[in-house]
Amino acid sequence: MKYKYNLKSKSVYAFVFLFFVLSCCANAEDARINKISRAFLKANPKLSQKLANDYANYVTKTADKFKIDAFVVAALIIHESTVNYKAKSRGGDYGLMQVRYKVHAKVLKQKFGIKNASGLFDARKNILFGCEILADCYKRAKGNTQKAIIYYSAGNRKLSNKVLKTVSKIK
């Protein structure tokens with residue numbers, strides 16, 4: 001007996017295939033978030049599990065938006081601020097991704113409504129703007145990750161090497 005392949009059976013197969021693809025994507029996304037969250041907790045044991053998950057979730061979504069590697073963003077956060085949203089450097093870098101307010105003040109005011117440096121302590125805005133800066137660095141570096149990190153960190157090659165090692169550990 002031959003099986004008749006009709007439109008109804010095609011629809012069922014298409015639905016099953018789509019469900020399988022979407023569930024695989026969701027699992028891959030969850031795995032990325034879990035790996036980043038664990039790395040954040042390891043770097044900053046004072047961080048709550050919920051906050052680590054929130055940061056990891058936002059990092060993956062924002063990195064995807066800018067088409068950059070979420071693991072690179074996470075490693076930058078680990079090395080720049082030890083996953084402390086209130087981190088401030090002597091040089092005037094603020095927040096998780098250590099954004100320099102004086103350099104970016106005009107854009108921060110216009111685009112994000114950040115009127116002073118303490119506005120960079122908002123983790124979401126800091127990650128969003130840090131990823132925007134990093135995406136620009138990737139463009140300048142023609143996609144080369146190490147060069148992009150060097151541009152992001154104003155020439156800090158040691159940081160670039162540390163970030164790349166951390167990316168390997170997180171993955």
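Residues numbered from 1 in each chain as written. Predicted model: local features only at pLDDT ≥ 70, side-chain atom pairs only at ≥ 80, totals over all residues. Heavy atoms only, no water.

Some thoughts on the overall build of the chain
For the chain, the helix and strand inventory stands at seven helices and two strands. Counting helices and strands in the order they occur from the N terminus, the chain gives α-α-α-β-β-α-α-α-α. Here the chain holds 171 residues, and the buried ones make up 41% of them. At a minimum sequence separation of 6, the contacts of the chain that also span at least 24 residues come to 51%. (Helix = DSSP H or I, 4+ residues; strand = E, 2+ residues; numbered from the N terminus. Buried < 20%, exposed > 50% of the residue type's maximum accessible area, 1.4 Å probe, protein only. Contact = heavy atoms within 4.5 Å.)

A closer look at the environment of Ala141
Mapped onto the secondary structure, Ala141 falls in the loop between helix 5 (123-140) and helix 6 (145-152). The exposure class assigned to Ala141 is buried, which follows from its relative accessible area of 7%. Ala141 sits ten residues away from Tyr151 along the chain, and the two C-alpha atoms are 7.9 Å apart.

Topic: helix 6
Within helix 6 the residues assigned to the buried category are Ala148, Ile149, Ile150 and Tyr152. In the core, the buried residues of helix 6 are packed alongside helix 3 (70-81), strand 2 (99-100), helix 5 and helix 7 (157-170). Just past helix 6, the residue Ala154 takes up positive phi, approximately 55°.

Considerations on the confidence of the model for the chain
Per-residue pLDDT for the chain has a mean of 89; in total, 85% of the residues score no lower than 70. Counting interchain partners and residues more than four positions distant, the pLDDT-below-50 stretch residues 14-18 has zero contacts. (pLDDT = per-residue confidence, 0-100.)

Observations regarding the packing of helix 3 against helix 6
Packed helices, taken two at a time, are described by their axes: the angle between them and the distance between them. For the pair helix 3 and helix 6, the least separation of the axes is 12 Å and the interaxial angle reads 40°. Taken as a pair, helix 3 and helix 6 cross one another with a handedness that is right-handed. Residues Val72, Leu76 and Glu80 of helix 3 pack against Thr145, Ile149 and Tyr152 of helix 6. Residue composition of the contact of helix 3 with helix 6, grouped by class: four nonpolar, one polar and one charged. (Axes fitted to C-alpha atoms, helices over the stretch in contact; angles between N-to-C directions. Left-handed = near helix turned anticlockwise from the far one by under 90°. Nonpolar A, V, L, I, M, F, W, Y, C, P; charged D, E, K, R; others polar.)

A short note on the pattern of salt bridges
On inspection of all chains with the given rule, the structure shows six salt bridges. Across the pair Arg32 and Glu29 runs a salt bridge whose closest N-O atoms are separated by 2.6 Å. Of this pair, Arg32 and Glu29 both sit in helix 1 (residues 7-43), three residues apart, roughly one helical turn. Arg32 gets classed as buried once you look at its relative accessible area, which sits at 18%. With a closest N to O distance of 2.7 Å, Arg100 and Asp93 form a salt bridge. On the accessibility criterion, Arg100 (34% relative accessible area) is partly exposed. (Salt bridge = Lys/Arg side-chain N within 4 Å of Asp/Glu carboxyl O.)

Re the nonpolar core
With 51 residues, the main nonpolar core has Ile36, Phe40, Val73, Ile77 and Leu134 as its most contacted residues. At the level of elements, helix 1, helix 2 (49-66), helix 3, helix 4 (101-112), helix 5, helix 6 and helix 7 are the ones that each hand at least two residues to this core. Counting residues per element, this core draws most heavily on helix 5, which supplies ten residues. Among all residues touching Leu134, those that are not within four sequence positions of it are Ile68, Val72, Val73, Leu76, Ala148 and Tyr152. (Core = buried A, V, L, I, M, F, W, Y, C linked by side-chain atoms within 4.5 Å.)

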